[in-house]
Amino acid sequence: MNIIAIDIGGTEIKYGLVNEGGEILFSSSLLTEASKGVEQLLEKIYKIVDEIKLKTHIDGIGVSATGQIDGKKGKVVGGTNLIPGWIGTELVKILEEKYKIPAILENDVNCASLGEMWMGAAKNKKNFICLTIGTGIGGGVVLNGELLTGEGSVAAEFGHLQIVKNGKECGCGNRGCYQAYASTTALLNLVEEKIGKRINGKEFFEEIHKNSTPYIEILNEWVDYFTDGLSSLIYIFNPSLVVIGGGISKQGDFLMEIFKKSLEKKVMKNYLDILTLKMAERGNDAGILGASYLLIEKNKKINQKTC
Ligand SMILES: [Zn+2]
């Protein structure tokens, strides 16, 4: 079985061909050019599918995308207006009518969670949560091997847990949201506030590895916020595994040990005894893997019905 998998991000579209064994047979990427709107985005998707279809047989199209997605309807239901016209797009219907093969659409963090379950850090795990730390904080919850989607299909928006009363403003309209304190953007804003310099994540961790005191103080403050939110999530879900993704996952064991020490002060031992904390293993590939996994699951259901 060959699946065309497409991961639509705010700046880049990653795509590839994935087989049922979870092997990425090839992958590539192009710019989203989000501001040009949904029509232009659809043209890019068609071009990707048409080119791959010319070369090989295709069994389905799996799409992972930014924004609030109703996976059951295959439709974009909310989010920011990053891609004009994107909200309301019934992508699964559009692709299935055009290509006459099954398609799926799911939120990018949910896809990344399933990608990690299928072929990465959460292999053989059925109950785990996934946090991606970047511009904001995204969440994915897998319970008994299935995504927790909620009634409106937009559950697990961890970034908007309120952790500080009357705190910093967040794009959602509330104040004090988790992502306003514990995202990578929040970390770099803290550096700017305290040191007066705008740097990137890589430069920040270079300072940390040089044992630079003001940067270490900033890291400790940020970690404290990060584990404030994470400890609540651990109490809600009692997971066996927490997978942490996004650019900071490159910091590996070094940062993980700091997270663990901080959590030990906040979470009761019986929750921590069964808990493993891991950095995501599949990086940018997790989205296309998860989208492929969902497409394979959809094909299984279709086949069961026709048998
Ligand atoms: Zn918010």
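### Quick notes on the domain arrangement of the protein chain
Examined at the domain level, the protein chain breaks down into domain 1 (2–108 + 284–306) and domain 2 (121–281). Centre-to-centre, using C-alpha coordinates, domain 1 lies 27 Å away from domain 2. On the side of domain 2, 8 residues touch domain 1, which itself brings 8 residues to the contact. Buried area between domain 1 and domain 2, summed over both chains or domains, comes out near 530 Å², and the portion from carbon and sulfur atoms is 42%. Looking only at domain 1, the three residues that lose the most surface to domain 2 are Gln68, Lys72 and Glu106, adding up to 53% of its buried area.

### Observations regarding the pairing of strand 8 (residues 128–133)
Looking down a regular strand, the side chains alternate between one sheet face and the other. Taking burial as the measure, the 6 residues of strand 8 include 5 buried ones, the bulk of the element. Taken together, the 6 bridges between strand 8 and strand 9 (residues 137–143) define a ladder with antiparallel strand orientation. Each bridged residue has a counterpart across the sheet, and for Phe128 the counterpart in strand 9 is Val142. Taking the residues between adjacent antiparallel strands as the criterion, strand 8 and strand 9 are bridged by 3 residues. Here strand 8 runs beside strand 11 (residues 241–245); their pairing, made up of 5 bridges, is parallel. Bridge pairing links Thr132 to Gly245 in strand 11.

### Describing the coordination of the zinc ion
Those protein atoms acting as donors to the zinc ion are His160 (ND1), Cys170 (SG), Cys172 (SG) and Cys177 (SG), and they sit at 2.1 to 2.3 Å. Classification of the site at the zinc ion rests on its 4 donor atoms, whose angles at the metal span 103 to 124°, yielding the label tetrahedral. Sequence spacing of the donors to the zinc ion: H-x9-C-x1-C-x4-C. Residues Cys170 and Cys177 agree in their burial class; the two are buried.

Rules and cut-offs
Residues numbered from 1 in each chain as written. Predicted model: local features only at pLDDT ≥ 70, side-chain atom pairs only at ≥ 80, totals over all residues. Heavy atoms only, no water. Domains from an automatic or database assignment. Contact = heavy atoms within 4.5 Å. Buried area = accessible area lost by both parts, 1.4 Å probe. Buried < 20%, exposed > 50% of the residue type's maximum accessible area, 1.4 Å probe, protein only. Helix = DSSP H or I, 4+ residues; strand = E, 2+ residues; numbered from the N terminus. Pairing = 2+ DSSP bridges. Donors = N, O, S within 2.8 Å, 3.2 Å for Na, K, Ca; no water. Tetrahedral: all angles 85-135°; square planar, octahedral: opposite > 155°, others 65-115°.

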